[in-house]
Amino acid sequence: MDLNIHACSDGEEALAKGNWVKLICGASNQDLPAISDLCAVYATAGVHCIDVAPDAAVVCAAREALDWVEAAIGIRPWLMISLSDGADKHFRKAWFDPKRCPLTCPRPCQAKCPAKAITNFAGVNTKRCYGCGRCLSACPLGLIEEKEEHLCIKDFAPLIAELRPDAIEIHTAPGRQKEFRKAVAAIMEANVSFKRVAVSCGLQGYGINSEELAQELWERHACLRHHEQKPLWQLDGRRMSGDIGKGTAKAAVDLWAKLHPLAPPGPLQLAGGTNAKTIQYFLNQNGPAGIAFGGMARQLIQPWLLKADANQISLREWPEGWQAALAAAKQLVNPWLFRKSGPEVC
Ligand code: SF4
Ligand code: SF4
């Protein structure tokens, strides 16, 4: 029996019942050759939200996967994009001046690009390039370079108006109240309606205690309510979702234990170092509204993503690989999708 047909696919209902699961897949653009398959596997496994980097190429790859999943099984997770109210390195993109290319060049850069970001007689289409770097070594003349793109708060409104995600996440940090208010005001200018505005924050590395962090979250809460937005608090046990080292699961759980009696209204969701062991801390008790998986989710299905990539096919075109990856993804998410204890009510 496929348990997932009985999992709650509605994001709001899942948050209320403590069954919410999010996939964070935008943390590293090095992983993006397989982003569409990564999204397709976890959306099929039943996650409620896919959180990606704020980049047109990434959003396009994720949407392609969500369209496919919706057509195949009739469910569609929210598409969330993550922004920061602080310095955001954003993305590297490839760049070259096509006027410098010899007309006789057989264009190996174009053949190497998996995103079709390089077309005949043209340079790099930055809306398609996701910075994988494959074209750089392909150019015999060394004409291709990397450029870092930085995303500023003033860029938020046009970007969001273009990408139109279902939900937004703002990464913030203690002391950045003013920047947070500016970020929210810029996001509102896009005039897009969001199911939730998630706020991602943690204690690690900031030298403050849980009471002070709660105070920071109350200030963010007042700002979001002012703009009539529904918050979702993402508690980052570790600063990177890709942190899968020893003891990382406990960091997120400890943060939740400290914060849940103090935090403002709104669901609390774990992130940062979460893994398959995190559920064990909540077997016989209530807990958070849900969880986000990043590095662990990617690592689990990486063997099949890599093999599909090596064969230059989509995982969805390789039935055995797809089934194996999906089974691995379900092992990670099912304990949360079918968790009986609801979120702790404070
Ligand atoms: S091959 Fe080059 S142009 Fe294509 S996505 Fe990768 S970095 Fe961008
Ligand atoms: S391989 Fe180099 S020279 Fe040839 S088209 Fe690409 S960038 Fe230009």
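In case you missed it, the structure is sitting above this.
Given the structure is predicted, the values throughout are model-derived calculations rather than measurements.

Caption draft 1: Here's a closer look at the overall build of the protein chain. Helix and strand counts for the protein chain stand at 11 helices and 10 strands. Expressed as a percentage of the 346 residues in the protein chain, the buried residues total 46%. Excluding contacts between residues fewer than 6 apart, the proportion of contacts in the protein chain whose partners are at least 24 apart in sequence is 77%.

Caption draft 2: Here's a closer look at the nonpolar core. Counting 99 residues, the largest nonpolar core has Cys39, Tyr42, Ile50, Ala62 and Ile168 as the members making the most contacts within it. Each of domain 1 (19–86 + 151–337) and domain 2 (91–149) gives at least three residues to this core. Aside from chain neighbours lying at most four places away, what touches Ala62 is Ile35, Ser36, Cys39, Ile50, Val52 and Leu79.

Caption draft 3: Structural detail: the environment of Phe282. If you trace the backbone, Phe282 turns up in the loop between strand E9 (268–271) and strand E10 (290–293). Sequence separation between Phe282 and Arg339 is 57 residues, and the spatial gap between their C-alpha atoms is 9.0 Å.

Caption draft 4: Representation of the site of ligand 2 within the structure. Close to ligand 2 lie Phe96, Cys101, Cys105, Arg107, Pro108, Cys109, Ala138, Cys139, Leu141, Leu143 and Ile144, which account for all nearby residues. Its residues placed into classes, the shell around ligand 2 shows 10 nonpolar, no polar and one charged.

Caption draft 5: Highlighting the site of ligand 1. Taken together, 14 residues sit near ligand 1, with Ala94, Cys113, Cys129, Cys132 and Cys135 positioned nearest. Residue composition of the shell around ligand 1, by class: 10 nonpolar, two polar and two charged.

Caption draft 6: Molecular detail of the pairing of strand E3 (residues 78–84). The buried fraction of E3 is high, at six of seven residues. In this sheet, E3 lies alongside strand E2 (residues 49–52) in parallel orientation, the contact comprising four bridges. Looking at E3, one finds that Asp51 is bridged to Met80. For the crossover that starts at E2, traverses helix H3 (residues 56–73) and ends in the parallel E3, the hand is right-handed. Two elements, E3 and strand E6 (residues 167–171), share five bridges in a ladder whose sense is parallel.

Caption draft 7: Representation of the packing of helix H7 (residues 177–189) against helix H8 (residues 210–226) within the structure. The N-to-C vectors of H7 and H8 enclose an angle of 20°; their axes lie 10 Å apart at closest approach. Compared by their axis directions, H7 and H8 come out roughly parallel. The hand of the H7/H8 crossing is right-handed. Of H8, the residues touching H7 (which contributes Gln177, Phe180, Arg181 and Val184) are Glu219, Arg220, Cys223 and Leu224.

Caption draft 8: Region of interest: the sheet that holds E6. With parallel pairing, the eight strands of this closed barrel are ordered in space as E1-E2-E3-E6-E7-E8-E9-E10. The average undirected angle you get between the axes of adjacent strands in this sheet is 25°.

Caption draft 9: Seen up close, unusual backbone geometry. In the Ramachandran plot, Phe121 falls in the positive-phi region, its phi being about 60° despite a non-glycine side chain. Its location among the elements puts Phe121 in the loop between helix H4 (108–112) and helix H5 (134–138). The phi dihedral of Asn191 is positive, around 60°, even though this residue is not glycine. Look at Asn191 and you get exposed, because 9 C-beta atoms sit within 10 Å.

Caption draft 10: Spotlight on the pairing of strand E1 (residues 20–24). Extensive coverage of E1 is indicated by the burial of five of its five residues. Side chains of E1 alternate between two faces, with Trp20, Lys22 and Ile24 and Val21 and Leu23 buried alike. With four bridges joining them, E1 and E10 adopt parallel strand pairing. Of the residues in E10, the one forming a bridge with Leu23 is Phe293. As paired elements, E1 and E2 share three bridges and run parallel to each other. Its bridge partner lying in E2, Leu23 is registered against Ile50.

Caption draft 11: Representation of H3 in the model. Across its 18 residues, H3 extends 25 Å between first and last C-alpha, which sits within 8% of the 26 Å expected from 1.5 Å per residue. Taken as a whole, H3 has its buried residues at Ala57, Val58, Val59, Ala61, Ala62, Ala65, Leu66 and Val69. Those residues of H3 that are buried are in contact with helix H2 (35–45), E2, E3 and helix H6 (156–163). Once H3 finishes, Gly74 follows within two positions and takes phi at roughly 75°, a positive value.

Rules behind the numbers
- Residues numbered from 1 in each chain as written.
- Chains lettered and ligands numbered in written order.
- Predicted model: local features only at pLDDT ≥ 70, side-chain atom pairs only at ≥ 80, totals over all residues.
- Helix = DSSP H or I, 4+ residues; strand = E, 2+ residues; numbered from the N terminus.
- Buried ≥ 20, exposed ≤ 12 C-beta atoms within 10 Å, placed from the backbone.
- Contact = placed C-beta atoms within 7 Å.
- Core = buried A, V, L, I, M, F, W, Y, C linked by C-beta atoms within 7 Å.
- Domains from an automatic or database assignment.
- Near = placed C-beta within 6 Å.
- Nonpolar A, V, L, I, M, F, W, Y, C, P; charged D, E, K, R; others polar.
- Pairing = 2+ DSSP bridges.
- Right-handed = clockwise from strand over helix to strand, strands pointing away.
- Axes fitted to C-alpha atoms, helices over the stretch in contact; angles between N-to-C directions.
- Parallel < 35°, antiparallel > 145°, perpendicular 65-115°, else oblique.
- Left-handed = near helix turned anticlockwise from the far one by under 90°.
- Expected span 1.5 Å × (residues − 1).

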